[in-house]
Every structure is written in C-alpha cells, then in structure tokens.
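Analysis of the macromolecular model
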Amino acid sequence: MPKSFKVVTYGCQMNVHDSERISGLLEDAGYVRAADGTDADVVVFNTCAVRENADNRLYGNLGHLRPVKDAHPGMQIAVGGCLAQKDRGEIVKRAPWVDVVFGTHNIGALPVLLERARHNDEAQVEILEALEVFPSTLPTRRESAYAGWVSISVGCNNTCTFCIVPALRGKEKDRRPGDVLAEVRALVADGVLEVTLLGQNVNSYGVEFGDRLAFGKLLRACGEVDGLERVRFTSPHPKDFTDDVIAAMAETPNVCHQLHMPLQSGSDAVLKAMRRSYRAERYLGIIDNVRAAMPDAAITTDVIVGFPGETEADFQATLDVVRASRFAGAFTFQYSKRPGTPAATMDAQVPRQVVQERYDRLVAAVEETTLAENRAQVGRSVEVLAAEGEGRKDGATRRMSGRARDGRLVHFVGQPGVRPGDVVHTTVTYAAPHHLTADGPPLAHRRTRAGDAWEAGHTPRTPGVMLGLPAVGVSAVTAAGGCG
C-alpha cells in the first residue's frame, strides 16, 4: 500500500506555495494524500519563524504528535521551512522523535531524506546555506482549481532590523520573465482564472538581471495571457515602488486594483530604526499616486506596534498615517523579539502592557477606517470569484463567499449551479470592517472552466518549470514591452 502524507503549513503565502511543492514532490515519490480525519504515515510541518509564537506552536504540535507516532510504527515526521532553517539540529534535540529536518533551500531533498531516515533508522538533518535549484523547478500539487501562486523571486536583499527572513531565505534570486510566463500559461491552460505573483519584495524583481523596470513589464506581459482574468501580487516594498508599476496596474485590464503595501510604522524615527528606507511622506505619496490612477483601488497593509524605542508620539504618528491612508484592511502585529535580529538587542524594549494597550488602540483605529471604506461599497455591483473555504459560516448562513476584484471578501446568496471558480456579479447590501455582504439575488452568473475543474475534483498539477530558457515566452514578453 502506498504511504499517505499530510502537510501542515504555518506562515506567509510563500510557505503556502512551498507546501504545494512539498505535496507535488511526495506524490511524485509515490505517496498519497491522507484522507481528512485519518492519521498519515508521513506528517510534514512547513514552518514560519517570523513571530515568536511560531516556535511554541511547532513544538507544541510535535509534542501532541508523539503518542500518535508511538502508536503507529513506521510513521515519520519531517520539519521544514524557516524555523527549520533557523533551529537546525536543535529541533531533533528538543523533539528526538522527529525523523527529518530540511531547510528553505533544499525542499527537493525531502523524499530522499525520508527514505534515508527510514533505511538508517536515525534522524536526517540537512540544511543548505544557499539556494541551489529555484523551487519552481519542482513538481507542484496546486490546492485550488481557480487561483494559483506563481513565485517570481525568492529571498530578500533588505536588512530590516526586526526581520529574520533574509537570514533564512537568502539573497534575492529572480526567475527569468519567460519562465514566469510559462508557468502562468500552464496554469491558465489548466483552467486557473487568477494568479498571484509572489516575492519577498515582489517589486524589486529584476535586480538580479539588472532591469529595475522589470516588474511593471511583467505585469503588462501577464495582460497578454489569454484566459487570465485576474492578476495580483504580494508583497511590494515602498522603497522599490515606482510610477511605472502604478501605470502598469492602471493600464492592464486583468491586473486587479488591489495593493498590499506594508507600512510597519508611521513614525520616521521608528522607520529609521527599523532600517526601512522610506518615510511617512514617501509612503503617503505612493498611496496618493495609486488612487489618482485608480480611484477604486483597495489598499491594505502591515503594521507593527511596540518596536524598541517607540514612544507615544511615534505611535500617534502611526495612527495618523493609518487614518490618512484609508486602508481597506490591515494585518496588525505586536513587536516580537527574534533572536539573531538587530532589534532583539536594542535598548528601550517597550513594556508588554504598553504594547498591548497601543495595539488595542491601533486595531480600533484600523477597524474604524476599514468600516468606513467598506460602507462606501454598499449599493455597488461587484464581480466575485466564488471560492471554497473563504466563508467559515457559509453553511449556517446559506451563503457562498469569494473575493471581489479589489480583494475584498464578499459573502453572497448561494444559488443552484454556482460553483467555486465561477464568476458572480452581485450588489453589496451590508458592510462590516472585514467583509461585505450581498443579500440580494446575483445579477449574473458565469460558469467557467475553473468551476468545471472544481466540480470534477481536479486541481492543476504542474511539473517543474525549467529555468534558463530565454526562448520561452519571448514573443509575448517582447510584445508587452521587452520584459525579457
């Protein structure tokens, strides 16, 4: 009988996409996905190291899994991702029942490491210091029939003092534009309607091959892909955000008018201490330019509260920028000390109770702003890509859920024949800080190939997309402005 597997993912979209590759690798090696509610023969934890509670969460879950493994001879546990890259052999010391530890640079080694651990009857720890093969060359089992992640770069060249990612993901490595477009076309050929371009700093794309305008050109090239209805990207860095990207967003019909741009702090003093090479005025200027070109753009952000040395005046500056930015949503975080980062050893660490009190005020300010922005959508017609799993209460409310083109979550009245992957037009009737509701009947419903694929239980399974082939996609790229 083939062995079964389960992948548990923590962290960002990059990790989610890496988990799709892990699934593809294991299936290629003969494993099958474990049915829901059953114990798997192989459990893989794909970890995050950005927040302090990531460590506690992993080791807590490993502890819960130990008696399960004891009761199932031959079961294996593997730990990969950023926390594995950071903790290395410490994981096996703290949890000696773990069989394999692998890092961010050698995902492709997992099947071999599992077999070696089984043969040698001892844990295998293999961590590489640099990327040898771009992850997109690996087979991928996609989780969605209608939307797909596409990595355009990995790694980060910035030195933010609070962030451990550059030490764990390495320097930025960019894929060639033709390789990116080849993967996009492969997904669209399999029915996918929406792609999200991924990078640690997605808009610094092109730095490795010397074209600072490459990202805007890539967005325009995506506009030439027949059948691709929506293009998103995450996450850009304000320091690299240029006017040509704004123009590409505004002028390319399938690029969504959605922007997730991390602020982190509205205080220039804190931004300097964070080594974020922009200031509040520059950030607000970008937002003004985006809204001038795309008045309907929905802008979201990340904000950290309680960075070392943050004063009440600094925090008030953050609240001022949040209110001026009119965000449609925000991911808010309390500063978390990460060993190995410069911020961890800075003086003037902010007391926990002060951080919590500021955090509560920040959340209140964000929700006041997002509610006002969402209420402006009431009465408007929106195009929703019906999704699976977006609405946790859909069963009880008899609604379906999906994302509007601007990224807002919309709960709408379910109708017979509407499937995840189909496109619905509906009118917004109610707004909350984090979602919209459309309680009237849909204005229109379009069945799609993505909906057909979902109904058939099919999700795209892309083989490795090769690198270094300058002829791949050259004509389409050149037509879009010479992205190659």
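Scope of this entry: the structure provided in the associated data block. Throughout this description, residue numbers start from 1 for each chain and increase along the sequence as written. Per-residue local features of the predicted model are confined to residues with pLDDT of at least 70, and side-chain atom pairs are confined, for both listing and counting, to 80 or more; whole-chain, interface and lining totals are unaffected and use all residues. Heavy atoms throughout the structure, all of them, feed into the side-chain values; hydrogens and water do not.

Considerations on the overall build of the chain
Strands are runs of DSSP state E lasting at least 2 residues, helices are runs of H or I lasting at least 4, and numbering of each runs from the N terminus. Each helix and strand counted, the chain has 16 helices and 23 strands in total. Computed over the C-alpha atoms, the radius of gyration of the chain is 23 Å, within 12% of the 23 Å expected from 2.2 N^0.38 for a compact globule of 484 residues. For the chain, the C-alpha atoms occupy an extent of roughly 60 × 55 × 50 Å along the three principal directions. Evaluated residue by residue, the chain yields a buried proportion of 55% over its 484 residues. In what follows, residue pairs with any heavy atoms lying within 4.5 Å of each other are defined as contacts. Considering only contacts within the chain whose residues lie at least 6 apart along the sequence, 74% involve residues at least 24 apart. Entry remark: accessible area of the chain is about 20,300 Å², with carbon and sulfur atoms responsible for 52%. When charges are counted, neither His nor the chain ends are considered; positive counts come from Lys and Arg and negative counts from Asp and Glu. Lysine's charge is taken at NZ, arginine's at CZ, aspartate's at CG and glutamate's at CD. Taken as two groups, the 55 positive and 59 negative side-chain charges of the chain have centres that lie 1 Å from each other. With C-alpha atoms as the basis for the radius of gyration, the globule rule is written as 2.2 Å multiplied by the number of residues raised to the power 0.38. To sort residues, take the accessible area from a 1.4 Å probe on protein chains only and compare it with the maximum for the residue type: under 20% means buried, over 50% means exposed, and anything in between is partly exposed. Only the protein chains shown count as cover for residues, and the accessible areas themselves come from Shrake-Rupley with a 1.4 Å probe.

A word on the sheet that holds strand β14 (residues 298–305)
Strands were regarded as paired on the criterion that DSSP finds at least two bridges between them. Taking strand neighbours across the sheet as the criterion, the three strands line up as β13-β14-β15 in an open arrangement whose pairing is parallel. The open sheet has two free edges, formed respectively by β13 (258–260) and β15 (329–334), since each of these has just one partner strand. Pairwise comparison of adjacent strand axes, ignoring direction, gives a mean angle of 10 degrees for this sheet. Strand direction decides the pairing type here: β14 and β15, joined by six bridges, are parallel. Among the inter-strand pairings, Thr300 is bridged to a residue of β15, identified as Gly329. Here, axes are lines fitted to C-alpha atoms. For helices the fit covers the stretch in contact, and angles between N-to-C directions go from 0 to 180 degrees.

Things to note about the pattern of salt bridges
What counts as a salt bridge is simple: a side-chain nitrogen of Lys or Arg found within 4 Å of a carboxyl oxygen of Asp or Glu. Under the definition given, this model contains 28 salt bridges. Across the salt bridge formed by Arg358 and Glu312, the nearest N and O atoms sit 3.6 Å from each other. You can see Arg358 sitting in helix α13 (residues 352–375) and its partner Glu312 sitting in helix α12 (residues 312–325), a full 46 residues away along the chain. Since its relative accessible area comes to 7%, Arg358 is described here as buried. Look at Glu312 and you get partly exposed, because its relative accessible area is 34%. Arg419 is the partner of Asp452 in a salt bridge, and the nearest nitrogen-oxygen pair spans 2.8 Å. A residue pair is termed long-range when its members are at least 10 positions apart, and Asp452 in helix α15 (residues 449–455) and Arg419 in the loop between β18 (409–413) and β19 (423–427) qualify at 33 residues. Its relative accessible area of 40% is what places Asp452 among the partly exposed residues.

A closer look at the sheet that holds strand β20 (residues 430–431)
Read from one edge of the open sheet, seven strands run β20-β21-β18-β17-β16-β19-β22, paired in mixed fashion. Among the strands making up the open sheet, the edge pair consists of β20 and β22 (444–446). In terms of strand pairing, β19 meets β22 through three bridges, oriented antiparallel. From the neighbouring strand, Val424 faces β22, where its bridge partner is His445.

Brief notes about unusual backbone geometry
Residue Ser235 is reached from Thr234 by a cis peptide bond, and omega for that bond is -10 degrees. Locating Ser235 in the fold gives a position in the loop between β12 (230–234) and α9 (243–251). Notably, Arg326 is not glycine yet its phi reads approximately 55 degrees, a positive angle. Considering the arrangement of structural elements, one finds Arg326 in the loop between α12 and β15. A residue is classified by how much of its surface remains accessible, and Arg326, at 38% relative accessible area, is partly exposed. In this model, Ala348 sits at a positive phi of 60 degrees, which is unusual for a non-glycine residue.

Overview of the side chain of His17
Residue position: His17 is located in helix α1 (residues 13–28). Any N or O atom pair separated by 3.5 Å or less is treated as a polar contact, with the protein-specific requirement of one donor-capable and one acceptor-capable atom, and with residues adjacent in sequence counted only for side-chain atom pairs. At a separation of 2.9 Å, a polar atom in the side chain of His17 contacts the side chain of Glu20. Engagement of the side chain of His17 in a polar contact is seen with the backbone oxygen of Trp149, the distance being 3.5 Å. With residues near it in sequence (within four places) discarded, His17 still touches Thr140, Arg142, Trp149, Val150, Ser151, Glu183 and Leu198.

Structural notes on α1
For a helix, the expected span equals 1.5 Å multiplied by the number of residues minus one. Look at α1: 23 Å from first C-alpha to last across 16 residues, which is about the 22 Å you get at 1.5 Å a residue. Taken across its 16 residues, α1 has twelve buried, putting it largely inside the fold. When α1 is considered as a whole, its buried residues turn out to be Met14, Asn15, His17, Asp18, Ser19, Glu20, Arg21, Ile22, Ser23, Gly24, Leu25 and Leu26. Looking one or two places after α1, you find Gly30, whose phi comes out positive at around 100 degrees.

Observations concerning the side chain of Gln377
With respect to the helices and strands, the residue Gln377 is situated in the loop between α13 and β16 (381–387). In this structure, Gln377 is in contact with Asp406, Arg408, Val428 and Leu436, ignoring residues within four places of it in sequence.

Overview of α13
Under the 1.5 Å per step criterion, the end-to-end length of α13 is 34 Å for 24 residues, consistent within 8% with the ideal 34 Å. Looking only at α13, the buried set comprises Val355, Arg358, Leu362, Ala365, Val366, Thr369, Thr370, Leu371, Glu373 and Asn374. In the core, the buried residues of α13 are packed alongside α11 (280–293), β14, α12, β15, β20 and β21 (436–438).

Some words on the packing of aromatic side chains
Aromatic contacts are taken between Phe, Tyr and Trp rings whose centres are within 6.5 Å, Trp giving its six-membered ring; a plane angle under 30 degrees counts as stacked, one over 60 as edge-to-face, and the others as tilted. One pass over the structure, following the stated rule, counts six aromatic pairs. Ring centres 5.5 Å apart and planes at 80 degrees place the aromatic pair Tyr205 and Phe209 in the edge-to-face group. Assessed through its relative accessible area of 23%, Phe209 is described here as partly exposed. Summarising the aromatic geometry, the rings of Tyr278 and Tyr283 are spaced 6.3 Å apart at their centres and angled 35 degrees between planes, so their arrangement reads as tilted. Taking the relative accessible area as the measure of exposure, Tyr283 reaches 0% and is therefore buried. Three or more aromatic residues joined by ring pairs make a cluster, and in this case those are Tyr278, Tyr283 and Phe327.

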